[in-house]
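A structural walkthrough
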Amino acid sequence: MPPADRERTAYAPLFDRADHTTAPDRTTKGPTMDFDLSAEEREIRDWVRTFVRKEIVPLEPQVLERERRNERGLTADELKSLQDKARSSGFFGIQTPESHGGMGQGAVVAALIEIELGRSFVPFRFAGEADNILFSATEEQQETYLRPTIEGTRRSCFAITEPGAGSDARAIRTSARREGDEWVINGEKTFITGGHEADFVMVFAVTDKQKGADGGVTCFLVDRDRGWTSTPIDTMGEWGPAALVFDDVRVPHSAILGEEGKGFELAMRWIGKGRYMLPARALGSCERLVEMGMEWARNRVTFGQPIAERQAIQWMVADSAVEIEALRWLVLTAAWQVDRGLDSRQSQSMAKLYGGVKANEIVDRVLQMHGGMGYTRELPVERWYRELRLLRIYEGTDEIQRRTIARNLLKGHVSVRGHLG
Ligand SMILES: Cc1cc2nc3c(=O)[nH]c(=O)nc-3n(C[C@H](O)[C@H](O)[C@H](O)COP(=O)(O)OP(=O)(O)OC[C@H]3O[C@@H](n4cnc5c(N)ncnc54)[C@H](O)[C@@H]3O)c2cc1C
């Protein structure tokens, strides 16, 4: 019996059901999967798209010029005035609960917004956001830290990384020693985003050496005037993090965020929150970069023809478009899982890894399409090239995401069949 007939016999009932004459009528039942946006999601996405086109993109030449002079792309006043304009249309605190004055939107909407914002390199973000772990603060701490952060009158920073502990965050050595009703913090943190501008820090310190990360790390809320110092670190990006030093910095017991000894869980919650947001922003940048690349390729003539006619260039466009589409669904699936309350850790790691790797490949291709012009500071491509490189490093490097993804699979926590099973 030919192999095809053998299979048909073994699986006859299934084949019968797949027969077109007996298959269920999908036109009356409707699709079982929905990849569309709701009317509200579309409306929000379109509003942000228009805001970016009308208010943000026109600032790009000025931002590039300033950054070339080593100045900030947007002054604090300019950022605030843009944020106020958005706020007057209700765009304030996208994921901040309505009880705290925000929009209370879920992860899918947040990702859709981030994709739109990513289409420009102008360093804009909507106002009204605060670190997720600050919502675990006591009522008194919320008054001092959470509400002013949401209102934009105080700035926070998150400090776990140390010179000797990056990927291996469990190896932190900054310590906090109890003296009566006070804690004395000593140690050094590094690569802290916003660390030189922040008014207070969420700093993670070892409070029980024996337990270490398993119940011996505590998070403290520490105002700058308690005595910690910061030094900016120059990077290949347009904005730099900072190194922080704690030299006998004293804080009251009430400075503990959450519970004593439960700091490591808080740190993981902070880091885990944004793993779909970073690749979402990169996705928007990639869309714009490929559009710029295609525009250039249509107009740049070599050997009597636009380079867009060459297969070498067409393949760059095609590969980039496929990767952008794949990234879109990785990001949105992870966000969808967050909104459904499903365990999204595997999907978030996949989106972060794929986003970091592919965004870097795409920006490299687009730079290549532009030839020498891509390498200049006349165009923003080289700027994006430098900025996107960070995505492969912070909030878990490529290697750490791969480690997480492989471990989850090998230990049987998840399947290669994904969330559909
Ligand atoms: C611009 C910027 C902003 C940042 N912002 C913050 C912030 O706000 N707060 C904060 O706390 N931290 C922040 N970080 C720190 C960032 O999270 C760390 O840099 C990152 O986790 C990597 O740690 P590391 O630099 O010590 O590298 P290492 O951990 O020393 O890693 C070096 C290399 O070894 C690889 N590696 C490490 N372990 C393994 C392993 N087990 N298997 C295979 N490969 C491995 C890494 O992937 C990497 O390629 C920031 C970093 C940068 C650059």
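Bear in mind that the values here come from a model prediction, so they are computed numbers and not experimental data.

1. Some details on the overall build of the protein chain
Within the protein chain, the secondary structure is distributed over 15 helices and ten strands. By residue count, 43% of the 421 residues in the protein chain fall in the buried class. Contacts in the protein chain between residues at least 24 apart in sequence constitute 70% of all its contacts with a sequence separation of at least 6. Total accessible area computed for the protein chain in this model is approximately 23000 Å², and 52% of it derives from carbon and sulfur atoms. Charge centroids of the protein chain, computed over 57 positive and 64 negative side chains, lie 3 Å from each other.

2. A look at the site of the ligand
The environment of the ligand is made up of 16 residues, and the closest members are Thr 161, Ser 167, Phe 191, Thr 397 and Glu 399. At 2.7 Å from a nitrogen atom of the ligand is found a side-chain nitrogen or oxygen belonging to Thr 161. Protein chains shield 64% of the accessible area of the ligand, which is 970 Å² for the free molecule. Among the elements of the structure, strand E3 (182-192) and helix H15 (398-410) are those that each provide at least two residues to the shell around the ligand. Among the residues making up the shell around the ligand, the classes are represented as nine nonpolar, five polar and two charged.

3. With respect to helix H9 (residues 263-273)
Looking only at H9, the buried set comprises Gly 263, Phe 264, Leu 266, Ala 267 and Ile 271. Down the axis of H9, the smallest arc covering the buried residues is 160°, so these residues share one side. For H9, the elements touching its buried residues are strand E1 (156-159), strand E4 (200-206), strand E5 (217-223) and strand E8 (256-257).

4. Points about the pattern of salt bridges
Inspection of every chain in the model, using the stated rule, returns 38 salt bridges. Here Glu 323 and Arg 365 are joined by a salt bridge, their closest N and O atoms 3.0 Å apart. Of the two residues, Glu 323 sits in helix H11 (residues 311-339) while Arg 365 sits in helix H12 (residues 345-369), which places them 42 residues apart along the sequence. The class for Glu 323 is buried, based on a relative accessible area of 10%.

5. Here we look at the pairing of E4
Most of E4 is tucked away, with seven of its seven residues classed as buried. Side chains of E4 alternate between two faces, with Phe 200, Met 202, Phe 204 and Val 206 and Val 201, Val 203 and Ala 205 buried alike. Sheet topology places E1 next to E4; four bridges connect them, and they run parallel. By the bridge assignment, Ser 156 is partnered in E4 with Phe 200.

6. Things to note about helix H8 (residues 139-151)
Along H8, the sharpest change in direction is near 30° and occurs at Tyr 145; proline Pro 148 comes one to four residues later. Residues Gln 141, Gln 142, Tyr 145, Leu 146, Pro 148, Thr 149 and Ile 150 constitute the buried set of H8. In the core, the buried residues of H8 are packed alongside E1, E4, E5 and E8. Immediately beyond the C-terminal end of H8, within one or two residues, lies Gly 152, with a positive phi of roughly 85°.

7. A closer look at the side chain of Gln 348
Relative to the helices and strands, Gln 348 is located in helix H12. Overall, the relative accessible area of 6% leaves Gln 348 in the buried class. With sequence-adjacent residues up to four places away left out, Gln 348 is seen in contact with Gly 272, Lys 273, Gly 274, Arg 275, Tyr 276, Ala 334 and Val 338.

8. A short note on the environment of Arg 275
Its place among the elements puts Arg 275 in the loop between H9 and helix H10 (277-299). Residue classification places Arg 275 among the buried residues on the basis of a relative accessible area of 17%. When the C-alpha atoms of Arg 275 and Glu 395 are compared, they prove to be 7.5 Å apart, with 120 residues separating the residues in sequence. The contacts of Arg 275, once residues within four sequence positions are left out, are Gln 348, Ser 349, Lys 352, Glu 395, Gly 396 and Gln 401. Within the local environment of Arg 275, its side chain forms a polar contact with the backbone oxygen of Glu 395, the two atoms lying 3.3 Å apart.

9. Side note on the packing of H10 against H12
Running from N to C, H10 and H12 cross one another at 20°; their axes reach a closest spacing of 9 Å. Considered as vectors, H10 and H12 are oriented roughly parallel to each other. Considering the relative orientation of H10 and H12, their crossing is left-handed. Where H10 approaches H12, its residues Leu 278, Pro 279, Ala 282, Cys 286, Leu 289, Val 290, Gly 293 and Trp 296 are matched on the opposing element by Ala 351, Lys 352, Gly 355, Ala 359, Ile 362, Val 363, Val 366 and Met 369. Within the contact of H10 with H12, the residues separate by chemical class into 13 nonpolar, two polar and one charged.

What counts, and at which threshold
Residues numbered from 1 in each chain as written. Predicted model: local features only at pLDDT ≥ 70, side-chain atom pairs only at ≥ 80, totals over all residues. Heavy atoms only, no water. Helix = DSSP H or I, 4+ residues; strand = E, 2+ residues; numbered from the N terminus. Buried < 20%, exposed > 50% of the residue type's maximum accessible area, 1.4 Å probe, protein only. Contact = heavy atoms within 4.5 Å. Areas by Shrake-Rupley, 256 points an atom, 1.4 Å probe, with all protein chains shown as cover. Lys, Arg positive; Asp, Glu negative; His and termini not counted. Charge placed at Lys NZ, Arg CZ, Asp CG, Glu CD. Near = heavy atom within 4 Å. Polar contact = N/O pair within 3.5 Å; in protein donor to acceptor, adjacent residues only side chain to side chain. Nonpolar A, V, L, I, M, F, W, Y, C, P; charged D, E, K, R; others polar. Arc of directions from axis to C-beta. Salt bridge = Lys/Arg side-chain N within 4 Å of Asp/Glu carboxyl O. Pairing = 2+ DSSP bridges. Bend = angle between axes of the 7 residues up to and from the residue. Axes fitted to C-alpha atoms, helices over the stretch in contact; angles between N-to-C directions. Parallel < 35°, antiparallel > 145°, perpendicular 65-115°, else oblique. Left-handed = near helix turned anticlockwise from the far one by under 90°.

The values are spatial; any link to function lies outside them.
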